[in-house]
Amino acid sequence: MVGNWKMHGRISDNATLLTEVAAGASALQKGVRVGVCVPCPYLAQSQALLSGSVVQWGIQDVSAHSGGAFTGEVAAEMAADFGVTYAIVGHSERRAYHRESPELVASKAQRAIEAGLTPIVCVGETLEERQAGTTEQIIGTQLDAVLAILTEEQAAGIVVAYEPVWAIGTGKTARPGQAQDVHAFLRHKLLEKGASVASVPLLYGGSVKPENAEELFGQKDIDGGLIGGASLKSKDFLAICRAAQTVTH
Ligand code: PEP
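Residues numbered from 1 in each chain as written. Predicted model: local features only at pLDDT ≥ 70, side-chain atom pairs only at ≥ 80, totals over all residues. Heavy atoms only, no water.

K.L.:
Talk me through the sheet that holds strand β4 (residues 86-89); I want residue IDs and the actual numbers.
P.N.:
Working definition: the strands of a sheet are paired by backbone hydrogen bonds and lie parallel or antiparallel to each other. Here eight strands make up a closed barrel; going around it, the order is β1-β2-β3-β4-β5-β6-β7-β8 and the pairing parallel. Shown here is a sheet whose adjacent strand axes are inclined to one another by a mean of 30°, direction ignored. In terms of strand pairing, strand β1 (residues 2-4) meets strand β8 (residues 224-227) through two bridges, oriented parallel. Note on β8: the bridge partner recorded for G3 is I227. Along the sheet, helix α2 (residues 43-50) makes contact with β2 (34-37) and β3 (55-59), crossing β3 at roughly 170°. (Pairing = 2+ DSSP bridges. Helix = DSSP H or I, 4+ residues; strand = E, 2+ residues; numbered from the N terminus. Axes fitted to C-alpha atoms, helices over the stretch in contact; angles between N-to-C directions. Contact = heavy atoms within 4.5 Å.)

This is how it looks when you write it as structure tokens:
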């Protein structure tokens, strides 16, 4: 279960949220892994407050370069200096607002792996693409670009998040069956890369709330969630985490 804080947080408020999440997560079953992806300036604070807890922390994007004259960019190695575990790459907001191509996202995933981080590769279709019947083509292209440049061993270490663009921050969640269909498709594509790749965690993201979490996580190929808005409230985020532990598949 991974929280994506997006561009939210202030140093004065983060301490409460991080401390509450760490305390609540310590009571979860061991099988439920919890992480929070925070804005870069708060990586040091996350490291200070979460070290020694069961909660991992992560970054929301990394550069496709490992260093050099790239003003404003943050290299995966720099995030690694702060004990980061996860790096979200290819979030739909980056693909849309920063015109990130599938190939650029793939390079970012590769840089993250080289730095010892676990990339959370986001894929998803817009409403227009879904209505045009091109969902599999779109997310297939997005995932293929990543799988094409990774070895089987590297690919087995990634996390994939299916986030339909029309469900992000809109309050509209994919129906559990709709999400499961896409996850089954992604699982099949991962299997084509290799047997060990088929078991990478597949997260669902898009308006997950305490009320809909259990039904979504109950789907066969949904292994967890990437949680945006609801990860900013410890009560909601922890309720979603608890929903995951009631599910066995
Ligand atoms: C996200 O931004 O990754 C996300 C899933 O957002 P939300 O849960 O707010 O829809």
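Having seen it, we continue.
K.L.:
I'd like a rundown of the site of the ligand, residues and numbers included.
P.N.:
Neighbouring residues of the ligand: 13 residues in total, closest K6, E163, G169, S207 and G229. Note that an oxygen atom of the ligand is positioned 2.9 Å from one of the backbone N or O atoms of G228. Backbone polar atom of G229 to an oxygen atom of the ligand: 2.8 Å apart, as the coordinates give it. Expressed as a share of its isolated accessible area of 300 Å², the protein-covered part of the ligand is 95%. Considering only residue class, the shell around the ligand consists of three nonpolar, eight polar and two charged. (Near = heavy atom within 4 Å. Polar contact = N/O pair within 3.5 Å; in protein donor to acceptor, adjacent residues only side chain to side chain. Areas by Shrake-Rupley, 256 points an atom, 1.4 Å probe, with all protein chains shown as cover. Nonpolar A, V, L, I, M, F, W, Y, C, P; charged D, E, K, R; others polar.)

K.L.:
Outline the environment of Q60, listing residues and values.
P.N.:
Along the polypeptide, Q60 turns up in the loop between β3 and α3 (76-80). Between the C-alpha atoms of Q60 and R94, which are 34 residues apart in sequence, the distance is 9.7 Å. Residues within four places of Q60 in sequence aside, it is in contact with N4, W5, K6, M7, C37, V38, P39 and I88. Reaching out from Q60, the side chain makes a polar contact with the backbone oxygen of K6 at a distance of 2.9 Å. A distance of 3.1 Å separates a polar atom in the side chain of Q60 from the backbone oxygen of C37.

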